[in-house]
Amino acid sequence: MKQDIAITPKKRISSIDALRGFSLMGIMLLHSMEHFDLTYTPILDSPFWQWTDTAVNSIIHFLFQGKSYAIFSLLFGLSFFMQMDSQAEKGNDFRLRFAWRLVILFALGYINGLIYMGEFFVIYATLGLILIPLYKVPAKWLAGIAFLLFLQIPQVIQFISLMSNNVPNTPDAFNIRMNGLFEKSADMFINGSFRDMIKFNAVEGQTAKMMWFIDVYRYLQLAGLFIVGLLIGRYGIHKSEEKMIKYSKKVLPYAFLWFAFFYAIILLLPLFGVKDYALAVGKGLFTTYANLGMMTIYICGFTLLYYKTVAGKNVLERLAPVGRMSVTNYMMQSLLGVFIFYGFGLNMAVSCSFLQCALAGLAVCAFQIFYSNWWIKRFYYGPVEWIWRILTWLKPVPLKRKG
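Remember, it's a predicted structure, so these values are computed and weren't measured experimentally.

**Thoughts on a nonpolar patch on the surface**
Right, on to step 1. Taken together, the side chains of Phe 147, Leu 148, Ile 153 and Ile 157 define a hydrophobic patch exposed on the protein surface, amounting to about 400 Å² of accessible area.
Right, on to step 2. Broken down by secondary-structure element, the contributors of at least two residues to the nonpolar patch are helix H7 (139-150) and helix H8 (153-163).
Right, on to step 3. The topology assignment puts Ile 157 in helix H8.

Here it is, written out as structure tokens:
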């Protein structure tokens with residue numbers, strides 16, 4: 001098998017990098033509202049500022065929760081196809097190399113998880129293994145598998161069981177254990193030292209994250225999005241500006257209808273008599289459905305704005321370097337986030353309002369946009385991407401651009 005790697009990266013599809021950068025900015029803003037998993041709700045003396053603060057928190061959650069990671073996940077599946085396809089053109093079977101690449105990502109994710117327990121690279125690396133056997137599965141079977149995953153069947157069964165009183169309408173032992181870990185983490189992140197945080201995240205923090213991931217059935221949606229990304233690559237939509245515009249125009253109206261339908265159900269659940277734990281599960285289920293619609297609205301709208309308007313393209317192009325350095329920037333967000341919000345750092349989770357936390361998140365986004373644009377003009381890869389590439393191929397790879 002021929003193993004030929006490019007000394008310099010191939011020409012990138014800038015709109016896809018920009019979309020990935022957009023999702024990263026949304027992740028940062030959402031994590032700022034969540035104080036990087038340090039659950040704390042500020043109480044303000046002024047009714048006006050309390051209302052404003054609540055509104056800021058609600059708006060950012062509405063805009064980005066379950067959507068930014070969804071975009072990032074779909075692009076993960078697309079990136080898998082692009083890597084496999086690129087190596088296939090050179091006569092290489094990339095499957096084992098991709099598995100090794102996921103092992104490296106798992107290690108990077110675990111290191112990142114020592115800082116921020118809510119990081120997702122460990123999950124991506126683990127769940128991403130399913131893409132390898134699915135690579136050559138016929139497209140119609142892939143579409144069927146993705147559809148079944150998006151149905152969230154285990155969660156549907158759980159919701160129906162709660163509504164029919166077949167199971168107690170209260171959290172079970174799994175939820176109680178998970179919630180206990182999150183309560184312990186909140187106390188640790190407020191009052192503990194940096195060393196305490198590392199020690200907690202090494203095992204208990206990773207356990208809490210995995211329990212949450214299982215409890216909300218997020219693995220089903222992520223796996224489905226990986227497959228959709230693979231399908232987009234299979235049909236070559238990403239390679240053609242005309243195709244991206246065409247499909248964005250066709251899909252956008254249906255995405256709006258999909259989102260509106262399921263969001264209406266979320267609002268109506270209490271009126272249907274759904275309450276207590278069943279209400280929480282029901283909202284989680286239908287929010288997952290609705291988020292797929294809103295994610296699609298973002299992708300289609302972003303694509304049309306990028307390709308159909310000069311001003312839009314000029315602005316969104318600034319996000320492309322952020323997306324090219326997605327691993328570096330994601331890990332940087334963890335380091336900056338815990339310093340900003342945790343007790344051993346600036347302690348903003350406890351001392352600041354949601355509005356102030358949102359401004360801090362915007363400041364980090366602005367810094368990453370500036371830094372990424374500066375870096376990519378001088379180097380081929382982000383720092384962590386460069387290390388990842390070297391470890392992937394076990395060969396030296398140039399970093400600094402010539403000239």
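**Notes on the side chain of Ser 185**
Right, on to step 1. Considering the arrangement of structural elements, one finds Ser 185 in helix H9 (residues 173-191).
Right, on to step 2. Residues within four places of Ser 185 in sequence aside, it is in contact with Asp 37, Met 117 and Phe 200.

**Remarks on the environment of Asn 57**
Right, on to step 1. Here Asn 57 is to be found in helix H2 (residues 47-64).
Right, on to step 2. Accessibility expressed as a relative area gives 17% for Asn 57, which makes it buried.
Right, on to step 3. Distance in space between the C-alpha atoms of Asn 57 and Met 33 is 6.2 Å, their sequence separation being 24 residues.
Right, on to step 4. The residues contacting Asn 57, other than those within four sequence positions of it, are Met 33 and Phe 354.

**Structural notes on a positive patch on the surface**
Right, on to step 1. Positive charge collects at one region of the surface, where Arg 318, Lys 377, Arg 378 and Lys 400 lie side by side.
Right, on to step 2. For Lys 400, the position within the fold is in the segment after helix H19 (383-393).

**Here we look at the packing of aromatic side chains**
Right, on to step 1. Counted according to the given criterion, the structure contains 43 aromatic pairs.
Right, on to step 2. Three or more aromatic residues joined by ring pairs form one cluster here, namely Tyr 69, Phe 72, Phe 76, Phe 120, Phe 121, Tyr 124, Trp 212, Phe 213, Tyr 217, Tyr 219, Phe 226 and Tyr 330.
Right, on to step 3. Sitting above the plane of the Phe 62 ring, Lys 67 keeps its charged end 5.3 Å from the centroid.

**What to know about the nonpolar core**
Right, on to step 1. Counting residues in hydrophobic clusters, the biggest one holds 119 residues, and the most contacted among them are Tyr 124, Phe 286 and Tyr 342.
Right, on to step 2. Every residue in contact with Tyr 124, bar those within four places of it in the chain, is listed here: Tyr 69, Phe 72, Ser 73, Phe 76, Leu 102, Leu 105, Leu 222 and Phe 226.

**Observations concerning the state of the cysteines**
Right, on to step 1. Across all of its chains, the model carries zero disulfides by this definition.
Right, on to step 2. Cysteine Cys 352 is unpaired, with the sulfur of Cys 357 as its nearest cysteine sulfur at 5.6 Å.
Right, on to step 3. Given a relative accessible area of 15%, Cys 352 falls into the buried group.

**A word on the side chain of Thr 392**
Right, on to step 1. With respect to the secondary-structure elements, Thr 392 resides in helix H19.
Right, on to step 2. Using a relative accessible area of 1% as the deciding quantity, one classes Thr 392 as buried.

Cut-offs and rules
- The numbers attached to residues start from 1 for each chain and follow its sequence in the written order.
- Under the rules for a predicted model, residues below a pLDDT of 70 receive no local features and side-chain atom pairs below 80 are neither given nor counted, while totals for whole chains, interfaces and linings still include all residues.
- As a convention, hydrogens and water are excluded, and side-chain values are obtained from all of the structure's heavy atoms.
- Only residues whose relative accessible area exceeds 30% and that form no salt bridge are eligible for patches; like-charged ones are grouped when within 9 Å, while nonpolar side chains (Val, Leu, Ile, Met, Phe, Trp, Tyr) are grouped when within 5 Å.
- All accessibility values rest on the Shrake-Rupley procedure with a 1.4 Å probe; residue burial counts only the protein chains present in the view.
- Salt bridges are identified by distance alone: a Lys or Arg side-chain nitrogen within 4 Å of an Asp or Glu carboxyl oxygen.
- Going along the chain from the N terminus, every DSSP run of H or I of four or more residues is numbered as a helix, and every run of E of two or more is numbered as a strand.
- Whether two residues touch is decided by their heavy atoms; if any such pair falls within 4.5 Å, the residues are in contact.
- Burial classification: accessible surface area is computed with a 1.4 Å probe over protein chains only, and a residue below 20% of its type maximum counts as buried, one above 50% as exposed, and the rest as partly exposed.
- Positive charges are assigned to Lys and Arg, negative charges to Asp and Glu, while His and the chain termini are left out of the count.
- Charge placement uses NZ in Lys and CZ in Arg. For Asp and Glu, CG and CD serve respectively.
- Any two of the Phe, Tyr and Trp rings considered here, Trp counted by its six-membered ring, make a pair once their centres fall within 6.5 Å; the pair's planes then place it as stacked at under 30 degrees, edge-to-face at over 60, or tilted in between.
- Each ring is checked for a lysine NZ or an arginine CZ that lies within 6 Å of its centre and within 35 degrees of its normal; such an atom marks a charge sitting over the ring.
- Nonpolar core, defined: a set of buried Ala, Val, Leu, Ile, Met, Phe, Trp, Tyr and Cys residues in which side-chain atoms within 4.5 Å join the residues together.
- Any two cysteine sulfur atoms within 2.5 Å of one another count as a disulfide.

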